[in-house]
Amino acid sequence: MTIITVLYVMIGSIIGLIMGAMPGLTVTMTVVLIVSLTFGWPMQQALAFILGAFAGGVSGGALSAITMNIPGTAAAVATIFDGYPLNKKGEAGNAIGLSLFVNVIGGMFGILLLGVLGPVICNFALKFGSQEYFLITIWGLSLVAVLSKGNLVKGLISGLVGLFIGMIGMDPITGKMRFTFGIDLLSGGIHYVVAMIGLFEMKEVFSLLTSKQGFAVSTQRYKLKDLLPKFNIIKRCIKPMSWSAIIGWIIGVLPGTGGDIGALVAYGFTKQLVRKPSRPFGEGAYEGVAAPETANKAAIGGAVTTLLTLGIPGDSVTAVILGSFYLHGLIPGPNFMSQSPEYFRLIIIFLVIGMISTYVFGILGSNLMLKMLRLPIWFLIPFISILCITGSFALQNSVSDILFMIGFGVIGFIFERAGYPVSPIILAIILGPIMELNFRQALINTGSISSLLASFILRPISLGILIIIIGSFVFQAMFLKKVAFEPEKVEPDSK
Amino acid sequence: MEKTTRLLANILTIAVLMAMLFNIAEFIFVKNVKLFSVDSPIIFPFLVLLVLAVLIGTNIANETKIKRYDVKSIEENLQMKPKEDVIKQFEIVVLFTAINIIFVLLLPYFHFLVGSFIFMVLEMILLNTNIKSFIRRFTLAGIAGLITVPALYFVFNGVFQIMLP
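Residues numbered from 1 in each chain as written. Chains lettered and ligands numbered in written order. Predicted model: local features only at pLDDT ≥ 70, side-chain atom pairs only at ≥ 80, totals over all residues. Heavy atoms only, no water.

Looking at this structure, how should I read the overall build of chain A?
Scanning chain A for helices and strands turns up 20 helices and two strands. For chain A, whose C-alpha radius of gyration is 22 Å, the value lies close to the compact-globule estimate of 23 Å for 495 residues. Here the C-alpha coordinates of chain A stretch approximately 65 × 50 × 45 Å along the principal axes. For chain A, buried positions account for 64% of its 495 residues. For chain A, restricting intrachain contacts to residue pairs at least 6 apart in sequence, the fraction spanning at least 24 positions comes to 80%. Carbon and sulfur atoms make up 66% of the accessible area of chain A, which amounts to about 17200 Å² in all. (Helix = DSSP H or I, 4+ residues; strand = E, 2+ residues; numbered from the N terminus. Rg over C-alpha atoms; globule rule 2.2 N^0.38 Å. Buried < 20%, exposed > 50% of the residue type's maximum accessible area, 1.4 Å probe, protein only. Contact = heavy atoms within 4.5 Å. Areas by Shrake-Rupley, 256 points an atom, 1.4 Å probe, with all protein chains shown as cover.)

For this particular structure, what's the right way to read the overall build of chain B?
Per the secondary structure count, chain B includes six helices and zero strands. Going residue by residue from the N terminus, the α and β elements of chain B occur as α-α-α-α-α-α. Here chain B holds 165 residues, and the buried ones make up 41% of them. Sequence separation of 24 or more characterises 49% of the internal contacts of chain B that already satisfy a separation of 6 or more. Total accessible area on chain B stands at roughly 9800 Å², and carbon and sulfur atoms take up 71% of it.

Got a minute to help me understand the interface of chain B and chain A in this structure?
Often the size quoted for an interface is simply the accessible area lost on bringing the parts together. Counting residues at the interface gives 66 residues for chain B and 60 residues for chain A. Both sides of the chain B and chain A interface together cover about 5600 Å² of buried area, and 83% of this is carbon and sulfur. Scanning the region where chain B abuts chain A turns up one salt bridge. For Lys154(A), the salt bridge goes to Glu63(B), with nearest N and O atoms at 3.2 Å. (Buried area = accessible area lost by both parts, 1.4 Å probe. Salt bridge = Lys/Arg side-chain N within 4 Å of Asp/Glu carboxyl O.)

Just to check I follow, could you spell out the packing of helix α11 (residues 259-273) of chain A against helix α12 (residues 286-310) of chain A for this structure?
For any two helices packed against each other, one specifies the crossing angle of their axes together with the interaxial distance. Residues and elements named next belong to chain A. Close contact between α11 and α12 brings their axes to 7 Å; oriented N to C, the two are set at 145 degrees. Judged by the twist between their axes, the crossing of α11 over α12 is right-handed. Contacts between α11 and α12 involve Gly 259, Gly 262, Ala 263, Ala 266, Tyr 267 and Thr 270 from the first element and Glu 287, Gly 288, Ala 291, Pro 292, Ala 295, Asn 296 and Ala 299 from the second. Among the residues making up the contact of α11 with α12, the classes are represented as seven nonpolar, five polar and one charged. (Axes fitted to C-alpha atoms, helices over the stretch in contact; angles between N-to-C directions. Left-handed = near helix turned anticlockwise from the far one by under 90°. Nonpolar A, V, L, I, M, F, W, Y, C, P; charged D, E, K, R; others polar.)

For this particular structure, what's the right way to read the side chain of Ser59(A)?
By the element assignment, Ser59(A) lies in helix α3 (residues 43-68). Leave out the neighbours within four places in its chain, and Ser59(A) touches Leu17(A), Leu100(A), Asn103(A), Lys297(A) and Thr358(A).

Can you walk me through helix α6 (residues 134-159) of chain B in this structure?
Residues that lie three or four places apart on an α-helix share one face, since the helix turns once every 3.6 residues. With 26 residues, α6(B) extends 36 Å between its outermost C-alpha atoms, agreeing within 8% with the 38 Å of an ideal straight helix rising 1.5 Å per residue. Those residues of α6(B) that sit buried are Arg137(B), Ala141(B), Gly142(B), Ala144(B), Gly145(B), Thr148(B), Val149(B), Leu152(B) and Phe156(B). Residues of α6(B) that are buried sit in contact with α2 (27-38) and α16 (377-396) of chain A together with α5 (112-127) of chain B. Trailing α6(B) by a residue or two, Gln161(B) shows a phi angle of about 50 degrees, which is positive. (Expected span 1.5 Å × (residues − 1).)

Mind showing me how you'd approach α12(A) here?
Residue and element names in this part refer to chain A. The terminal C-alpha atoms of α12, which comprises 25 residues, lie 36 Å apart, in line with the 36 Å expected from a rise of 1.5 Å per residue. Extensive coverage of α12 is indicated by the burial of 25 of its 25 residues. At the exit of α12 stands Gly 311, carrying a positive phi of roughly 75 degrees.

I keep staring at the packing of aromatic side chains and nothing clicks. Help me out?
To describe a pair of aromatic rings, one takes the distance between the centres and the angle between the planes. All chains considered together, the criterion is met by 20 aromatic pairs over all chains. The interplanar angle of 80 degrees and the centroid separation of 5.7 Å between the aromatic rings of Phe124(A) and Phe128(A) together place this pair among those described as edge-to-face. Note on Phe415(A) and Tyr420(A): the rings are 4.9 Å apart at their centroids and 35 degrees apart in plane angle, and the pair reads as tilted. Assigned by exposure class, Phe415(A) and Tyr420(A) land together as buried. Ring pairs connect the aromatic residues Phe134(A), Phe439(A), Phe456(A) and Phe44(B), which therefore count as one cluster. It is Lys154(A) that lies over the ring of Tyr420(A); its NZ or CZ is 5.2 Å from the centre. Just above the ring of Phe27(B) sits the side chain of Lys31(B); from NZ or CZ to the centre is 4.4 Å. (Phe/Tyr/Trp six-rings, centres within 6.5 Å; stacked < 30°, edge-to-face > 60°. Lys NZ or Arg CZ within 6 Å of the ring centre and 35° of its normal.)

Even after reading the chapter, I still don't get the side chain of Thr309(A), so can you show me in this structure?
Residue and element names in this part refer to chain A. In this fold, Thr 309 is placed in helix α12. Take Thr 309: its relative accessible area is 1%, and that puts it in the buried class. A distance of 2.6 Å separates the side chain of Thr 309 from the backbone oxygen of Thr 305, its partner in a polar contact. Those residues in contact with Thr 309 that lie beyond four places of it in its chain are Gly 118, Ile 121, Cys 122, Ala 125, Tyr 133, Gly 333, Pro 334 and Met 337. (Polar contact = N/O pair within 3.5 Å; in protein donor to acceptor, adjacent residues only side chain to side chain.)

How should I be thinking about unusual backbone geometry in this particular structure?
It is generally the case that most residues other than glycine have a negative phi and that most peptide bonds are trans. All names here are of chain A. Positive phi, close to 55 degrees, is recorded for Phe 179, a residue that is not glycine. By the element assignment, Phe 179 lies in the loop between β2 (177-178) and α8 (192-210). Its identity as a non-glycine residue notwithstanding, Phe 181 has a phi of 55 degrees, on the positive side. With respect to the helices and strands, Phe 181 occurs in the loop between β2 and α8. On the basis of relative accessibility, which here comes to 35%, the residue Phe 181 falls in the partly exposed class.

What am I meant to see in the pattern of salt bridges here?
Side-chain pairs of opposite charge can arise whenever the charged atoms involved come near each other. All names here are of chain A. All told, the structure shown has ten salt bridges over all chains when counted by the stated rule. A salt bridge links Glu 436 to Arg 178, with the shortest nitrogen-to-oxygen separation between them at 2.6 Å. Of this pair, Glu 436 sits in helix α18 (residues 423-446) while Arg 178 sits in strand β2, and the two are 258 residues apart along the sequence. Exposure class is identical for Glu 436 and Arg 178. Each is buried. Note that Arg 440 is salt-bridged to Glu 436, the shortest N-O span being 2.9 Å. Residue Arg 440 and its partner Glu 436 are located together in helix α18, separated by four residues, close to a single helical turn. One connected set of salt bridges, linked through shared partners, spans Asp 171, Arg 178, Glu 436 and Arg 440.

Just checking my understanding: could you explain the packing of helix α5 (residues 92-125) of chain A against α12(A) for this structure?
Residue and element names in this part refer to chain A. Running from amino to carboxyl end, α5 crosses α12 at an angle of 25 degrees, the nearest separation of the two axes being 6 Å. Considering their axes alone, α5 and α12 lie roughly parallel with respect to each other. Note on packing geometry: the crossing formed by α5 with α12 is right-handed. Tallied by class, the residues present in the contact of α5 with α12 amount to 15 nonpolar, twelve polar and two charged. (Parallel < 35°, antiparallel > 145°, perpendicular 65-115°, else oblique.)

Okay, structure coming up:
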């Protein structure tokens, strides 16, 4: 690791902070864009940039949530409930400072658990066979569908459409062409980064085009001392921070759940557990900012744990990161610790640097970022379009990739408008080949479909995973979805 | 908007279903590949197809049910935006998709700097409807394009060192 790589983490975190703060530009978009632009880079530098952006992006969302009542990212939805009321009471500086500070604490806690428990989970996962891997991929995909904002059926349809897209091209076992319909362009399959850029970024361009909403950005400027953590506020928030960090990490570990759900659940728990908040919840309680912001950052450590130890992405951001690992020849999974221990350590170091630099640049650059939030839509749309076009071309120097990307943008726009979530499509494109390969290997090993089905129950680990899947499915569908998607009602801003 | 997009999304999902069905049938009847063998390349796609068919059927049934019986949905329909507005939104998406495609197809003939500048200025003029005067709009778009495009070129070419279209 050189000073240049550290610099890349820092630049990544700054880009993440800015893009995360802009409503409409998500963490996933930021990471997709960076993956597409850095795929030709040496692995270390690319990883540094990507992980920096991931760390910065999650924190950036809070800025617009507090100042504009619009979450910059999904992970900042819960921050609005008390962050924006704090802004209205003239305490935006305190809220931003608190959110940035607890972000570091939550993030560090998540990374600590990744470092401690990662090797343990890896050792256990070494016992996994094809059946277990197949079940885990099913778990990840179905839970993303369950927790998607659209309805369950539509979420599952999106996942299956993604599986179809992932199957286009050469069959991994027999080498036969599938779903190419004699079109040469399809024989190499559809690059998942192209699909990602289309479904996450280009789709957003179309959504911005058809939305007539403008953003009302506060013109207030914050002094450095306003943004530094105040001892009395931190003292009040220690307890909510401690349980929120644990909740965030656990939810981050579960496939299909990320920082957004973690933040909402942590907020819900805090509301139940804190008897005497600094102010009533929903009216500017510091605890209501600290809890979701601690949890959404701790979830990063959890999601990366699942990604590195099992090779399963938890949400759309980690799906993109998994895709970037593949692009650079890094294969996460149970063997990751033994085969690439240096990269495991590097990832932890990059995340730590990313968290710290996010805090420092967040404090120093809040005023500048607020200025950037004022960029008009008429500028943002062509600007993002050019980024999408260049990013998709850069992958294989192919104009057809750009056309595919635009096509995916249109599909994503239509799907989202019709209530179909797009995250399961991407997750399925990436998980699909792993799922199919393990399914077919298990089928070859067992000899028939009936034996394969029996093996799911007869193999102890497989049975255990099956029980966990059903349990977590019920738990998440019944409990988490309720907490996540029936949140606090926020009074619309009258401005 | 909702009704039209729902219809379009249903058409897309059915198209995926048909494409899968067609290709799997081609494997079975033209290429004589066995569906239920352990090394069949179409066993997994077939299972996906089955689940997808069931889910699409369920979804269409749900939507039809809502249309018929849900009073809320009827109320929503009554409150829907005028049809012209819906068409206008789709027209905007189609127009910008077309501009993007034309830009992409013409890009190999222009340099990235020239092509992107024209593209940015054109889109900004079309989008910045708040300013009534065309000359002011053009000037603003031109200045923004002149600053942004070379900056992007420097970042992509100099920093990221990527091949540009």
